[in-house]
Amino acid sequence: MQRAGVTLPIAEVPNLQAGDRLWIHPDLPDSQSVRYLMVVVFLRGATNPPPDSWFTRVETWSRPVHEEGVYVTVPEEAEEALVLLAPETGGAFSTLRNAVRGKPGAFVRAAQDLEQAGLDRARLEKYLDAVRETSASDPEQLKTRSTLLARSLNIRLDQQCFDKPSAQQAPCLTQNTDQLVLDDAHSQSMVATLTSGASSDLLAQISATPTARGGYYSAYVGAVVDVARILSTAHTAQYQYIPVLAVPKQNELNLRLNNPPSFRNPKSVLVIALPQVQKSPVPPLRTVDATQVFCAGKPSLLLPAEGAPLVFATELAHNLVLHVEAKSGPAIDLPATADPMRGGFAVETQPLQGADLDGEVTGVLRGLWGFHSFDGPHYRLRSPKAGQWIVASKDASALIVGREDTLHLQSSDACCVSEVTLKDEQGKSLEAEWKDVKADELEVKVPLQKATAGSLTMMIKKFGLRDADEIPLHTYAEAGRLDSFSVHAGDVDGLLKGTRLDQVSSLELNGLRFTPDSLTRANQQDELKLIMHDAAAVTKLRAGDSIVAHVTLKDGRALDLQTEVKAPRPKVTLLTKSVLLDQEASPTAFRLGSPEELPQEGRLNFFLKAVVPETFSPAERIEVATADESFRVLLSVKDENLTLQDSSTVFAILDPMKLLGPSAFGPLKLRPVAVDGIEGDWQPLVNLVRIPKLKGYRCVSAPEKQCTLSGDNLFLLESVSADPDFANSVAVPEGFVEDALTIPAPKAKTLYIKLRDDPATVDVAVVPTLTSPQ
């Protein structure tokens, strides 16, 4: 295709515009026995038939066309372009022209649907080819590469496939191809929708595109796309129209047919879509982590990016470079290559080695989208330099021989580290595991299990520098020290504080044996959690008892530690609970499928019984939190959400929207908090769910009954079904932002739904019917 003197292959052209000059060559074999008439037609909307001059007749059997092809220019006001291939019958050109002019809307929608399908198909084929290639060449990397592929190409990935044997993972990842491709807003915005001039006759003939969440094929395009029904109204006794997927590669359109063509009446007319005649939006590429810093001295970089799967699946984005502005001298353009299996763009950095990049600079991913240039995401680049490393103050004395310790070091170009080695006083090298946790921080695992106390040198090698940075360190032989052991009466676990607690084998307290569970280090001190496996024996520990704890080390030594049993933690039991719903807030009547569900707009009333102590103090509080404790609230008598029924029973009210906010969801838990701040154990309370506001549904008839559910926050739905068994259900994709969803036809206005906050429970919604537009 040629535009303004620039020629590009069709695979690099996302759109056409008026004045573009197309060269089309029917690549038919010399032995072709059936004469195909090719008609290139431009369309200008559903209610405005194209003029006769917009139809170009091409006799593919003629020698000039067969050898040289044909040139076509896009006319002014054109919106869509199609290529029709039909067996020549003598009056084929007039018949095809009359069919298009008689039903322009059907061909407009076919052009839009076929282009969207072709874009989705390109993503799917890229994914399938990459999975098969990785499975054959490097099966151990299949999970890693498939995850990055799914992110780059916006493909649905079934994580359960990785639980299967390695030989079964690739077939599992490539099955159900019609459900793999997820919606892509960028490709959909490239395909125009029919927004004006649609008559009632047209509405009876066509269906919604994926942009409108419907149609005769889903947005998860598989091997074929069925838009035959859109074109069925144009069938005659002589011709039938069958859609063809066009997958571009360089200067070719590779055609995919769902049905074999017929050369008997009615003969098959192949309908092939060309790119839309409209302005094409640039790809919305974005960085995966905007705070990440890359080393300019590294020989090659992988710049993660997402948001524009067509950049990775097609050739529409080309001439990609990473544009870097040097501190002095000209800017540098580094060629960039899209690599969906690695989740970003591969860049070779050799031209940067001699550039003036002191400190941090910014690189911009640039390229051409068709004929137009675009700027993509920005990346932070730092050049390596021999610098001063600072050991984190909390780790200044953390290197204790006899175990593995973690050291944190800070430097402005920690992202440029290529190798870390250790040498002791005798010159013996030690292997060290390391990673850059931040752009200016390095975390090193120092193995000192067999080391002796003394000096240690850490050598850090950086990309682009010949000499390594040497950091002097010192290791210590720390004697084990026991500071304290705290345990509450009635608890099955306790906390031991001191040093070298990694050597603790067990602890005995009043005949009860505790064993290590988890070890942490804070404020230059070890903290070891120990647990007791005989829960029935906790009655031997009474508050206030002063007992000697016997600590046994792994080397057989025993140490004694005086301790005192603390007061028991507060404990309550949940007696009853009740969920109150606000049915007047929505026209939809909801019937929750489980008594454990609490709508966010609802209210929870529940009674608690004091167990330890046996009475509930007016100053005691009840803490309610989400599972990850990111949202929490304290209920109290003072705040009027706790009311004492008697000295041991309390009535609690939880308004989740008011107290936890609109972003809280999922399982809620509660625990008592004593007057002195001692906290009890968590126990489950209820499952907090967010319910969308469903306004109603409307259905249109035939050729296949289609229903649309309208409402707000439909992304809170996980799936919708017309039957309780979900045999005929619709899954709501992640990131769904529309206010309408295509659903199965409800029975008696009843829908069965699964909420995203609790997909294991089936809820029931009675939805009103909306009046269908004329």
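Shown above is the structure to which this text applies.
Just so you know, these numbers come straight off a predicted model, no measurement behind them. (Residues numbered from 1 in each chain as written. Predicted model: local features only at pLDDT ≥ 70, side-chain atom pairs only at ≥ 80, totals over all residues. Heavy atoms only, no water.)

A. Spatial organisation of helix H3 (residues 104-137). Given a rise of 1.5 Å per residue, 34 residues ought to cover 50 Å, and the 49 Å separating the end C-alpha atoms of H3 matches this to within 8%. Most of H3 sits inside the fold, with 27 of its 34 residues counted as buried. (Helix = DSSP H or I, 4+ residues; strand = E, 2+ residues; numbered from the N terminus. Expected span 1.5 Å × (residues − 1). Buried < 20%, exposed > 50% of the residue type's maximum accessible area, 1.4 Å probe, protein only.)

B. Layout of a nonpolar patch on the surface. Taken together, Leu 253, Leu 255 and Leu 257 make up a surface patch of nonpolar side chains, about 200 Å² in accessible area. Note on placement: Leu 253 falls in strand E9 (residues 252-257). When its relative accessible area of 31% is taken as the criterion, Leu 253 is described as partly exposed. (Patch = residues over 30% accessible without salt bridge, like charges linked within 9 Å, V, L, I, M, F, W, Y side chains within 5 Å. Areas by Shrake-Rupley, 256 points an atom, 1.4 Å probe, with all protein chains shown as cover. Salt bridge = Lys/Arg side-chain N within 4 Å of Asp/Glu carboxyl O.)

C. Structural detail: the pairing of strand E30 (residues 512-522). As paired elements, strand E29 (residues 504-509) and E30 share three bridges and run antiparallel to each other. For Leu 509, the partnering residue across the bridge sits in E30 and is Leu 512. Between E29 and E30, which pair antiparallel and follow one another directly, the connecting turn spans two residues, one of which, Asn 510, has a positive phi of 55 degrees. Where E30 meets strand E31 (residues 525-531), seven bridges bridge the pair, whose relative direction is antiparallel. Paired with Ser 518 across the bridge in E31 is Lys 529. Between the end of E30 and the start of E31, which pair antiparallel, lie two residues, with Asn 523 showing a positive phi angle near 55 degrees. (Pairing = 2+ DSSP bridges.)

D. Local environment of the sheet that holds strand E50 (residues 758-766). Spatially, five strands are ordered E35-E50-E49-E46-E47 in an open sheet, and the strand pairing comes out antiparallel. The open sheet has two edge strands with one neighbour each: strand E35 (589-591) and strand E47 (729-731). Each strand of the sheet is rotated relative to its neighbour by a mean of 30 degrees, with strand direction disregarded. Strand direction decides the pairing type here: strand E46 (residues 717-721) and strand E49 (residues 750-755), joined by four bridges, are antiparallel. By the bridge assignment, Ser 721 is partnered in E49 with Tyr 752. (Axes fitted to C-alpha atoms, helices over the stretch in contact; angles between N-to-C directions.)

E. The nonpolar core, seen in detail. Formed by 47 residues in total, the largest nonpolar core has its most connected members in Tyr 127, Leu 285, Leu 322, Phe 345 and Leu 381. Counting residues per element, this core draws most heavily on H3, which supplies six residues. Leave out the neighbours within four places in its chain, and Leu 322 touches Leu 303, Ile 332, Asp 333, Leu 334, Ala 336, Val 347, Gly 363, Val 364, Leu 365, Tyr 379 and Leu 381. Judged by nonpolar contacts, the second largest core, of 29 residues, contains Leu 16, Tyr 36, Val 40 and Val 244. (Core = buried A, V, L, I, M, F, W, Y, C linked by side-chain atoms within 4.5 Å. Contact = heavy atoms within 4.5 Å.)

F. Inspection of the sheet that holds strand E48 (residues 740-743) at higher detail. Spatial ordering of the open sheet is given by E44-E45-E48, a layout of three strands whose pairing is antiparallel. Edge positions in the open sheet fall to strand E44 (693-700) and E48, since each of these has one partner strand only. Sheet twist, expressed as the average angle between the axes of neighbouring strands with direction ignored, equals 25 degrees. Sheet analysis places strand E45 (residues 706-712) next to E48, joined by four bridges and oriented antiparallel. By the bridge assignment for E48, Thr 708 is matched with Thr 742.

G. Local environment of the pattern of salt bridges. Applying the stated criterion across every chain, the model contains 34 salt bridges. The partner of Asp 405 in a salt bridge is Arg 403, with the nearest N and O atoms 3.3 Å apart. Judged by relative accessible area, Asp 405 falls into the buried class, the value being 7%. Judged by relative accessible area, Arg 403 falls into the buried class, the value being 9%. The partner of Glu 623 in a salt bridge is Arg 671, with the nearest N and O atoms 2.9 Å apart. Here Glu 623, found in strand E38 (residues 621-626), pairs with Arg 671, found in strand E42 (residues 666-673); they are 48 residues apart in sequence, far enough to count as distant.

H. Layout of the state of the cysteines. Counted by the stated rule, this structure contains two disulfides. For Cys 295, the disulfide goes to Cys 416, at an S-S distance of 2.0 Å. A torsion of 105 degrees about the S-S bond marks the disulfide between Cys 295 and Cys 416 as right-handed. Placement of the pair is Cys 295 in strand E12 (residues 293-295) and Cys 416 in the loop between strand E20 (404-410) and strand E21 (417-424), with a sequence separation of 121 residues. A relative accessible area of 0% means that Cys 416 is categorised as buried. (Disulfide = S-S within 2.5 Å.)

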